[in-house]
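Structural overview for review
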Amino acid sequence: MVTETMMPVNGIELCVSTFGEPVEPALLLIAGAASSMDWWDDEFCRRLAAGGRFVIRYDHRDTGRSTSFPAGDPPYSDVDLAHDALGVLDAVGVHRAHLVGLSMGGMLAQRIAVERPHRVLSLTLMSTSTVPPAYPIDGPPAGADQQQPDWTDRRSAVDGLVADTRRLGGPFTADIPHLRRVAERVYDRTQDMAASQTNHYGCAGGPPVRDRLCEITAPTLILQGTLDPVFPPRHAEALCAEIPGARLVWLDGVGHEFPPTAVWSQVIDEITGQTGRRTQPA
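Presented here is an overview of the structure given in this document. The structure displayed is predicted, hence computed values, not measured ones. The residue numbers shown here count from 1 along each chain, following its written sequence. Totals for whole chains, interfaces and linings use all residues, but because this is a predicted model, local features are given only for residues with pLDDT of at least 70 and pairs of side-chain atoms are given and counted only at 80 or more. Values reported for side chains reflect all heavy atoms of the structure, with hydrogen atoms and water molecules removed beforehand.

Considering the side chain of Asp84
When you line up the elements, Asp84 lands in helix α2 (residues 78–91). Think of it in three bands: with a 1.4 Å probe and only protein chains considered, a residue is buried below 20% of the maximum accessible area for its type, exposed above 50%, and partly exposed in between. Here Asp84 falls in the buried class, since its relative accessible area comes to 1%. Within 3.5 Å is the distance limit for a polar contact, defined as a pair of N or O atoms, with the added protein rule that one can donate a hydrogen and the other accept it, and that residues adjacent in sequence qualify only through two side-chain atoms. Within the local environment of Asp84, its side chain forms a polar contact with the side chain of Asn10, the two groups lying 3.1 Å apart. If sequence neighbours within four positions are ignored, Asp84 has contacts with Val9, Asn10, Ile12, Leu14 and Arg61. Under the scheme used here, helices are H or I runs from DSSP no shorter than 4 residues and strands are E runs no shorter than 2 residues, and both carry numbers assigned from the N terminus. Between two residues, a contact is recorded if the distance between any of their heavy atoms is within 4.5 Å.

In structure tokens form, the structure reads like this:
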């Protein structure tokens, strides 16, 4: 059974769960926009922890059980979301961590690596782009500029989450029954579905960090789906070119999605190799 803990962070409460032993190197999973930690599959997290990592995942503000704000009026910026990630580390007693960020989470990880480099052991950036994006976004992110479901209705909300995931995925995306189970869990854990699916897209942006990516010294791995309709391959290539020493690995047949089961072995092997240091520096 996965244990969830509500923790005070930056004047709000965030829901956090962990896998593995705190004595191992910490690995913080930062989800994408409008995504609670449920999308980081429990078994995926367990396998990362089995590789000798202390795996931490959490609900962003406005997702899952974390503090929610009125839909359409988020009183925060992406800088606050980045500070939330650091606040989670503080709450669990971790000074430095390996950051694994997907989509918006990858952008938050870049901001942390630029503005708080002493907190970062390594970066793994998945399905993301520079901040701001190196190129126009080719397709709308999940939930943006689409006909919105009735978020107050469980069936409508679940249908909408499943449709978004399928629309942005690829041939390895989980089947509909599996996605419905995840979406039902998301719905049942979320305080305000409308806020969770809209507020991240409407929050203020912080200062650009793209012109400072050259300052990043943390070892950086970029994992990019070849079929990503939101951030196609050229985004990953630009990111790789601008972060010194970054390494780009392609995930064949993967769209804009959390790692599907078919590529878990590849993704976990890459992350484990990237975060191979076995001792936690002070």
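Alright, that's what it looks like, and here's the rest.
Some points on the pairing of strand β5 (residues 97–102)
Summarising burial for β5: 6 of the 6 residues are buried, a large majority. The side-chain alternation of β5 yields two buried faces, one formed by Ala97, Leu99 and Gly101 and the other by His98, Val100 and Leu102. In this sheet, β5 lies alongside strand β3 (residues 26–30) in parallel orientation, the contact comprising 4 bridges. Counted as the bridge partner of Leu29 is Val100 from β5. Looking at chain direction, β5 and strand β6 (residues 120–126) are connected through 6 bridges and run parallel. Following DSSP output, two strands are said to pair if at least two bridges run between them.

A few points about the pattern of salt bridges
Within this document, salt bridges are pairs made up of a side-chain nitrogen of Lys or Arg and a carboxyl oxygen of Asp or Glu, the two lying within 4 Å of each other. Following the criterion strictly, the structure yields 19 salt bridges and no others. Close ionic contact of Arg65 with Glu4 constitutes a salt bridge, the shortest N to O distance being 2.9 Å. Separated by 61 residues along the polypeptide, Arg65 in the loop between β4 (54–58) and α2 and Glu4 in the segment before β1 (5–9) bring together distant segments of the chain. With a relative accessible area of 34%, Arg65 lands in the partly exposed category. Residue Glu242 pairs with Arg210 through a salt bridge whose shortest N-O separation is 2.5 Å. A residue pair is termed long-range when its members are at least 10 positions apart, and Glu242 in helix α7 (residues 233–242) and Arg210 in the loop between α6 (193–202) and β7 (220–225) qualify at 32 residues. Among the charged side chains, a network of salt bridges with common partners joins Glu4, Asp38, Asp42, Arg57, Asp59, Arg65, Arg185 and Arg189.

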